[in-house]
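Chain residues, written in single-letter form:
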Amino acid sequence: MQIAIPLFDRLTALDGIGPYEVLQRLPGATVTFVGTRVGEVRTENGFLGLIVDTHVADLPDPDVIVIPGGIGSRTAVEDEELLDWVRTAHEGTRYTTSVCTGSFVLGAAGLLDGLTATTHWSVLDDLAAYGAVPTMARVVEHLDQRIITAAGVSSGIDMALRLSELLVDDIAAKAMQLMIEYDPQPPFDAGHLDRAGDDVVERVIQYAADKE
């Protein structure tokens, strides 16, 4: 089972690494980090480097695609080589998926036309520009179209666990959950826009602007 995670400059690390930590543990799975330029890319703040090992042209037929998001997705949606690969590879995938603004890349490739989809709450409405119907949900599935989108950052882990169930079975998914000890018990209940409060939202906007 070949799983491809495209990387690009200024991605959000956990968007890709969260699903990686789940999916790379599935029996028979091989995860390959692909891109339109082989070598190092840097995450949003430039602090972390990740390596593109394989050019997209050298992995034309993955079983699963997981597209991360991040500030760099604004450039990725204009990378025609990447978009062409997503369109063509999707024809043969078992599932084509995204985390956060990775859904913008799916949309730019024409895969979300008329479909409900999700992304990070702060840019949810922007999904409409890519033909999707923005939906505030943690994971949105269209199994007939083999497309799954996840909301912001940590939701990619939830999506990867669901993928594990679809690719193998529910026991495998539960085993992945236990293996990574995914039992969230955060000290605050501010992980959803509806519960965060205006002061928290204002701080998020402030911190995000500082990273632009």
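To start, this report covers the structure provided alongside it. These numbers come from a predicted model, not from an experiment.

### Description of the sheet that holds strand β7 (residues 95–99)
Here 7 strands make up an open sheet; going across it, the order is β5-β2-β1-β6-β7-β11-β10 and the pairing mixed. Edge positions in the sheet fall to β5 (54–55) and β10 (139–142), since each has one partner strand and no second. Packed on one face of the sheet, helix α1 (residues 13–23) meets β1 (2–6), β2 (30–35), β6 (64–67) and β7 and runs near 160° to β2. Here helix α5 (residues 155–167) sits on the sheet and contacts β6, β7, β10 and β11 (147–150); the angle it forms with β7, its principal contact strand, is near 165°.

### Focus: the nonpolar core
With 55 residues, the main nonpolar core has Leu7, Val66, Trp85, Val86, Val105 and Leu163 as its most contacted residues. The greatest single-element share of this core, amounting to 6 residues, is contributed by α5. The residues touching Val86, leaving out its near neighbours within four places in the chain, are Ile67, Val105, Leu106, Ala109 and Leu111.

### Considerations on the side chain of His120
Among the structural elements, His120 can be located in the loop between β8 (116–117) and β9 (133–134). At 2.8 Å, the side chain of His120 and the side chain of Ser122 are in polar contact. With sequence-adjacent residues up to four places away left out, His120 is seen in contact with Cys100, Ala151 and Gly152.

Cut-offs and rules
- Residues numbered from 1 in each chain as written.
- Predicted model: local features only at pLDDT ≥ 70, side-chain atom pairs only at ≥ 80, totals over all residues.
- Heavy atoms only, no water.
- Pairing = 2+ DSSP bridges.
- Helix = DSSP H or I, 4+ residues; strand = E, 2+ residues; numbered from the N terminus.
- Contact = heavy atoms within 4.5 Å.
- Axes fitted to C-alpha atoms, helices over the stretch in contact; angles between N-to-C directions.
- Core = buried A, V, L, I, M, F, W, Y, C linked by side-chain atoms within 4.5 Å.
- Buried < 20%, exposed > 50% of the residue type's maximum accessible area, 1.4 Å probe, protein only.
- Polar contact = N/O pair within 3.5 Å; in protein donor to acceptor, adjacent residues only side chain to side chain.

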